[in-house]
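Summary of the model geometry
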There are 2 protein chains.
Amino acid sequence: MLTSMDPRTGAERKAHARELLSLRHADAWVSTASNEGLAHLVPLSYAWDGRRIILATRPRNPTALNVQAGGRARVAIGHTRDVVMMDTVLESILPVKTAGEVAEAYAAQGDWDPRETEGEWVFILLRPVAIQAWREANELEGREIMREGNWLF
Amino acid sequence: MLTSMDPRTGAERKAHARELLSLRHADAWVSTASNEGLAHLVPLSYAWDGRRIILATRPRNPTALNVQAGGRARVAIGHTRDVVMMDTVLESILPVKTAGEVAEAYAAQGDWDPRETEGEWVFILLRPVAIQAWREANELEGREIMREGNWLF
């Protein structure tokens, strides 16, 4: 008999990851590294357009500076015991005022609109190249659901 | 009148941070950087001995390797909208079998005991040098509650 403690299949993990990616008003844990090898971590609201994670931040904060310098970020959504962990590459950084559909997607999924918020803001577009999804230790095996940018299921 | 939307005082934030640090069966988001400037992020169960965050991990996983090389980690506990964010320095890495009181503290606060778990495990002892605590945007101001290893409240 299957119980809630049984590990999920890859297809189930992928479906759940896509649900989490599409959640409204949700935040990601965004980890980046400076050129000096110092890790930064901060929670940021996200949107997902089917291919890219969209974040919004100030252009001079560590996340924007690190990702611009290094081109990569590691991003977690969900919770510590229901994780979707993504290794991402930077696709682009866009000023919010001229971001068009990206800004619409972000405002629709998130609970704020940086275009209407004081100060200078940019969108950071990150494309996942590897995704892992697991809940507890029994799901560490089989946690890989995307590799080299391709869903495995 | 105070409402739940009013920003907390520094003393309230410190008290809450200490509560979160002492939670049983809780996990931290642990962010480290490799010497090559690649960020790593992973959720790990933690304990707190009043001065140091205690994590347990395999000696060859990225968190252990990065923290050994760089001596630092950025660690978040709580949730994305109730964050305690810590910049930490590595104090030591201990094999679990000979860790004495550290192992006892970890087993008491966590929901597993690496001493009784197959394979090689180490404790990573991280000392916070800076701590920030905030919930929503209205608490970004005043979020600093520890600086240079000293509580501000």
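Before reading on, note that the structure itself is shown above.
Described below are features of the structure shown in this document.

The rules behind these values
Residues numbered from 1 in each chain as written. Chains lettered and ligands numbered in written order. Predicted model: local features only at pLDDT ≥ 70, side-chain atom pairs only at ≥ 80, totals over all residues. Heavy atoms only, no water. Salt bridge = Lys/Arg side-chain N within 4 Å of Asp/Glu carboxyl O. Helix = DSSP H or I, 4+ residues; strand = E, 2+ residues; numbered from the N terminus. Buried < 20%, exposed > 50% of the residue type's maximum accessible area, 1.4 Å probe, protein only. 1 Å grid on protein atoms, 1.4 Å probe; cavity = no way out; pocket = protein on both sides within 12 Å on 5 of 7 lines; lining within 4 Å. Points joined across faces, edges and corners; volume = space filled by probe spheres on them. Nonpolar A, V, L, I, M, F, W, Y, C, P; charged D, E, K, R; others polar. Contact = heavy atoms within 4.5 Å. Buried area = accessible area lost by both parts, 1.4 Å probe. Polar contact = N/O pair within 3.5 Å; in protein donor to acceptor, adjacent residues only side chain to side chain. Phe/Tyr/Trp six-rings, centres within 6.5 Å; stacked < 30°, edge-to-face > 60°. Lys NZ or Arg CZ within 6 Å of the ring centre and 35° of its normal.

**As for the pattern of salt bridges**
Residues and elements named next belong to chain B. Inspection of the entire model under this criterion finds 26 salt bridges over all chains. E91 is the partner of R51 in a salt bridge, and the nearest nitrogen-oxygen pair spans 3.4 Å. Of this pair, R51 sits in the loop between β2 (39-48) and β3 (53-57) while E91 sits in strand β5 (residues 82-95), and the two are 40 residues apart along the sequence. Under the relative-accessibility criterion, R51 is labelled partly exposed at 45%. On the basis of relative accessibility, which here comes to 33%, the residue E91 falls in the partly exposed class.

**Observations regarding the layout of surface pockets**
Its boundaries defined by the atoms lining it, the largest pocket holds a volume of some 890 Å³. Looking at the largest pocket, it is lined by 26 residues, and the ones nearest its centre are W134(A), A137(A), L140(A), P43(B) and L44(B). Listing elements by their share of the lining of the largest pocket, those giving two or more residues are β6 (122-134) of chain A together with β2 and β3 of chain B. It is β2(B) that contributes the most residues to the lining of the largest pocket, 5 residues altogether. Of the residues that constitute the lining of the largest pocket, the class distribution is 11 nonpolar, 7 polar and 8 charged.

**Re the interface of chain B and chain A**
Residue-level contacts link 27 residues of chain B with 27 residues of chain A. When chain B packs against chain A, close to 2200 Å² is buried across both sides, 62% of that on carbon and sulfur atoms. Considering only the side of chain B, the residues that lose the most area to chain A are W29(B), L41(B) and R81(B), jointly responsible for 30% of the buried surface there. Where chain B meets chain A, there are 4 salt bridges. Applying the counting rule to chain B against chain A returns 12 residue pairs in polar contact (both at pLDDT 80 or more). Contributing elements (two or more residues each) for the side of chain B that touches chain A: β1 (27-33), β2, β4 (72-79) and β5 of chain B. No other element matches the 6 residues that β2(B) contributes to the side of chain B that touches chain A. Counted by class, the side of chain B that touches chain A contains 12 nonpolar, 10 polar and 5 charged residues.

**Structural notes on the packing of aromatic side chains**
Residue and element names in this part refer to chain A. Tallied over the entire structure, the rule returns 7 aromatic pairs over all chains. Aromatic side chains Y106 and F123 sit 5.3 Å apart centroid to centroid with 55 degrees between the ring planes, which places their arrangement in the tilted category. Here Y106, found in helix α3 (residues 101-109), pairs with F123, found in strand β6; they are 17 residues apart in sequence, far enough to count as distant. Judged by relative accessible area, F123 falls into the buried class, the value being 0%. Through successive ring pairs, a cluster of aromatic residues spans Y106, W112, W121 and F123. Of note, R18 hangs over the ring of W151, and the distance from its end group to the ring centre comes to 5.6 Å.

Coordinates in, geometry out; function isn't part of it.
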